[in-house]
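# Fold and contact review
So the chains spell out like this:
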Amino acid sequence: MQLNILTYPDPRLKKVSKKIEVFDEHLHKLLDSMNEVMFSNNGIGLAAIQVNYPLNALIINLPDENGEQSPDNLIEIINPIFIEQNGETTYQEGCLSVPGFYEDVQRYDTVTLKYQDRYSNEHTLEADGLLSIAIQHEIDHLLGKLFIEKLPYMKRKKFEKEYKRRLKEKKHNL
Ligand code: QAP
Ligand code: CO
């Protein structure tokens, strides 16, 4: 399955993703292909909508203490719902759909969520640290939101100016 990553300002990134009802081979193929495209682009998190499938599915694969990603640490999250969100933290985030940009974003410190795996089995997960941030970032994608929308006004303005400048530069170089 050949997947391409949508990048800002693609309007398809603004769609609200739909609940997954069928846990079949098609879903498994999509998740496997998402994992491939995330890994080959040096990502640690990816939502299905970023590859043009507006479905409530996301994957996260955080590096270990040696900075290495392992298939053992892949988490596949389908139809997530937050059941608790506590505290406050700030982290410099990036996104495969906003390549080359990193900015501080404010999030909850810890989250608890319910979700399903690829076989439709239900799980509850309590997350803190980088996992908590990654989950919140990816669930925002399911709602059609990007991290740049959480920036304070002036930082957002600065981002838009710089991003447009880089897009023009890229086009010019084609
Ligand atoms: C979301 O982000 C996230 O700009 C996943 O040129 C963000 O995988 C999880 C990436 C913050 C936890 C904390 C970004 C790759 C990857 C780029 C990513 C780039 C190449 C971002
Ligand atoms: Co993202």
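What comes next concerns the included structure. In this text the structure is predicted, and so the values were computed from the model without any measurement.

## Quick look at the coordination of the cobalt ion (ligand 2)
All of the protein donors around the cobalt ion (ligand 2) are Cys95 (SG), His137 (NE2) and His141 (NE2); their distances to the metal are 2.1 to 2.2 Å. Of note, the donors binding the cobalt ion (ligand 2) are all from one chain and are spaced C-x41-H-x3-H. Here His137 and its partner His141 are both found in helix H2 (residues 129–142), 4 residues apart, which amounts to about one turn of the helix.

## Remarks on unusual backbone geometry
Cis peptide bonds are those with omega within 30 degrees of zero, and the linkage from Tyr8 to Pro9 qualifies with 5°. Within the secondary structure, Pro9 is located in the segment before helix H1 (25–40). Here the phi dihedral of Asn79 falls at roughly 50°; this positive angle occurs in a residue that is not glycine. Checked against the element boundaries, Asn79 lands in strand E3 (residues 75–86). For Asn79, a relative accessible area of 10% gives the class buried.

## Describing the environment of Ser132
Mapped onto the elements of the fold, Ser132 is located in helix H2. Ser132 sits in the buried class, given a relative accessible area of 0%. For the pair Ser132 and Asp109, spaced 23 residues apart in sequence, the C-alpha separation works out to 6.9 Å. Beyond its immediate sequence surroundings of up to four residues, Ser132 is in contact with Tyr108, Asp109, Thr110, Val111 and Ala127. A distance of 3.1 Å separates a polar side-chain atom of Ser132 from the backbone oxygen of Asp109.

## Remarks on the site of ligand 1
Near ligand 1, the surroundings consist of 20 residues, among which Gly43, Ile44, Gly100, Tyr102 and Glu138 are the closest. In the environment of ligand 1, an oxygen atom lies 2.8 Å from a nitrogen or oxygen atom belonging to the backbone of Ile44. With the chains in place, 85% of the 510 Å² that ligand 1 exposes on its own is no longer accessible. Elements with a contribution of two residues or more to the shell around ligand 1: strand E4 (89–93) and H2. In terms of residues, the shell around ligand 1 owes the most to one element, H2, which gives 5 residues.

## Describing a negative patch on the surface
Taken together, the side chains of Glu84, Asp109, Glu126 and Asp128 define an acidic patch exposed on the protein surface. With respect to the helices and strands, the residue Glu126 is situated in strand E7 (residues 122–127). Given the relative accessible area of 70%, Glu126 is considered exposed.

Thresholds, definitions, all that
- Per chain, residue numbering runs from 1 following the sequence as it is written.
- Lettering of chains starts at A and numbering of ligands starts at 1, both following the order in which they are written.
- Whole-chain, interface and lining totals are the exception, using all residues; otherwise, since this is a predicted model, local features are given only for residues with pLDDT of at least 70 and side-chain atom pairs are given and counted only at 80 or more.
- Note: side-chain values were computed over all heavy atoms of the structure, leaving out hydrogens and water.
- Each metal site is built from N, O and S donor atoms within 2.8 Å (3.2 Å for Na, K and Ca), and since water is not included, such sites may look incomplete.
- A run of DSSP states H or I qualifies as a helix once it reaches four residues; a run of E qualifies as a strand once it reaches two. Both are numbered from the N-terminal end.
- Here's how the labels work: a residue is buried when its accessible area is under 20% of the maximum for its type, exposed when over 50%, partly exposed in between, all with a 1.4 Å probe on protein chains only.
- Contacts between residues were defined by any pair of non-hydrogen atoms, one from each residue, lying within 4.5 Å.
- Pairs of N or O atoms are called polar contacts if they sit within 3.5 Å, as long as, within protein, a hydrogen donor faces a hydrogen acceptor (for residues adjacent in sequence, only side-chain-to-side-chain pairs).
- Residues are labelled near a given molecule or strand when at least one of their non-hydrogen atoms is within 4 Å of it.
- For accessible areas, the Shrake-Rupley method is used with a probe of radius 1.4 Å. Any residue's cover is judged against the shown protein chains and nothing else.
- Note that patches include only residues with greater than 30% relative accessible area and no salt bridge, and the join distances are 9 Å for like charges and 5 Å for nonpolar side chains (Val, Leu, Ile, Met, Phe, Trp, Tyr).
- By convention in these notes, a salt bridge is any Lys or Arg side-chain nitrogen within 4 Å of a carboxyl oxygen on Asp or Glu.
- The convention is simple: Lys and Arg are positive, Asp and Glu are negative, and His and the chain ends are not counted.
- For the purpose of locating charges, the reference atoms are NZ of Lys, CZ of Arg, CG of Asp and CD of Glu.

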